[in-house]
Amino acid sequence: QQSVEITMEKENTDSLITWDVPHAPHDARKTSKLRQKKDLPPAEHSRESTKQVQEVINHFITPQEWLEDDTQWVQEASSTAATRLEVVQLQEKLNRMLKEQGAKETGICQIRRRLYDECFDEIIRQVVADGCVERALLLLRIRDERRAALKAYQRLFESRMAYGFRLALRGEQEILHELQKIKQVSEHRENLQKQAQEWKTKIETTQKQQEERFKEDEKRYQDEINTLKKENVAKKLQLENCCVVQKR
């Protein structure tokens, strides 16, 4: 019994939903004993008077179930109507939990969204408990439509994010491909520059060799010409000498 009370108190502290006293579906004695300790009417009378209301509440607020000391316990959302003071306390509790859990005041915030959804469920529970089931069903329809729209926006956002990631990945791949091409072109250019330098060196060496060979040939030809000129002068003198001797 003590552990059940601790569980119930924890749920009431960490949740905006107003929960009823837990009951053991398969152990009426423990249920009766717990309700007597809290000065509550028997569970049978409570469920008979609020059965339809409880079924509607259980439809959108799932009862909590757990096993404790081989006994199955179930805790349902309360079917008791809320007072004006309890509504004010709900607002104060919402503000306190928003602050304690660090919810953002603007922008996308999962904490703020979860707490407001839970608070909206509690308000619908209060409407059902007041006996206006039709109004509660309309509020549930509005809630479900809002959640469906949020899920659609979330899927769209995730889809756009995935598309953006794919574009970014494709861009990175294209950048890597272009960098690889630039590297290949740079290496090819360096090879061409190296070959051009080698050919330039070969051309300069060949030109230098040709110039040296030309100078050597020119010098040899000039020497031969000079030798021939000297021989020609010598033979001319010799011929003139022969002609002078014959005249005498």
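Being a predicted model, the structure only gives us computed values, none of them experimental.

S.K.: Help me out: how do you make sense of unusual backbone geometry in this one?
M.R.: A positive phi angle, close to 55 degrees, is found at D69, a residue other than glycine. You can see D69 is positioned in the loop between β1 (64-68) and β2 (71-75). Residue class for D69 comes out exposed when judged on its relative accessible area of 64%. Phi angles above zero are rare outside glycine, and D70 is one such case at about 60 degrees. With respect to the helices and strands, the residue D70 is situated in the loop between β1 and β2.

S.K.: Which parts of the structure should I look at to understand the pattern of salt bridges?
M.R.: It is possible for side chains of opposite charge to pair when their charged atoms get near one another. In this structure the tally under the stated criterion is seven salt bridges. The salt bridge involving E100 is made with R96; its shortest N-O contact spans 3.4 Å. Residue E100 and its partner R96 are located together in helix α5 (residues 84-100), separated by four residues, close to a single helical turn. When its relative accessible area of 55% is taken as the criterion, E100 is described as exposed.

S.K.: How should the packing of helix α4 (residues 51-60) against helix α6 (residues 110-129) be read in this particular structure?
M.R.: Two quantities define a packed helix pair, namely the angle between the helix axes and the distance between the axes. The interhelical angle for the contact between α4 and α6, taken along N-to-C directions, is 165 degrees, at an axis separation of 10 Å. One way to sum up the angle between α4 and α6 is to call them roughly antiparallel. Crossing of α4 against α6: the hand is right-handed. Contacts from V53, V56, I57 and F60 of α4 reach α6 at D121, I124, R125, V128 and A129. Along the lines of polarity and charge, the residues of the contact of α4 with α6 split into seven nonpolar, no polar and two charged.

Conventions and cut-offs
- Residues numbered from 1 in each chain as written.
- Predicted model: local features only at pLDDT ≥ 70, side-chain atom pairs only at ≥ 80, totals over all residues.
- Heavy atoms only, no water.
- Helix = DSSP H or I, 4+ residues; strand = E, 2+ residues; numbered from the N terminus.
- Buried < 20%, exposed > 50% of the residue type's maximum accessible area, 1.4 Å probe, protein only.
- Salt bridge = Lys/Arg side-chain N within 4 Å of Asp/Glu carboxyl O.
- Axes fitted to C-alpha atoms, helices over the stretch in contact; angles between N-to-C directions.
- Parallel < 35°, antiparallel > 145°, perpendicular 65-115°, else oblique.
- Left-handed = near helix turned anticlockwise from the far one by under 90°.
- Contact = heavy atoms within 4.5 Å.
- Nonpolar A, V, L, I, M, F, W, Y, C, P; charged D, E, K, R; others polar.

Function cannot be read off these values alone, since they describe shape.
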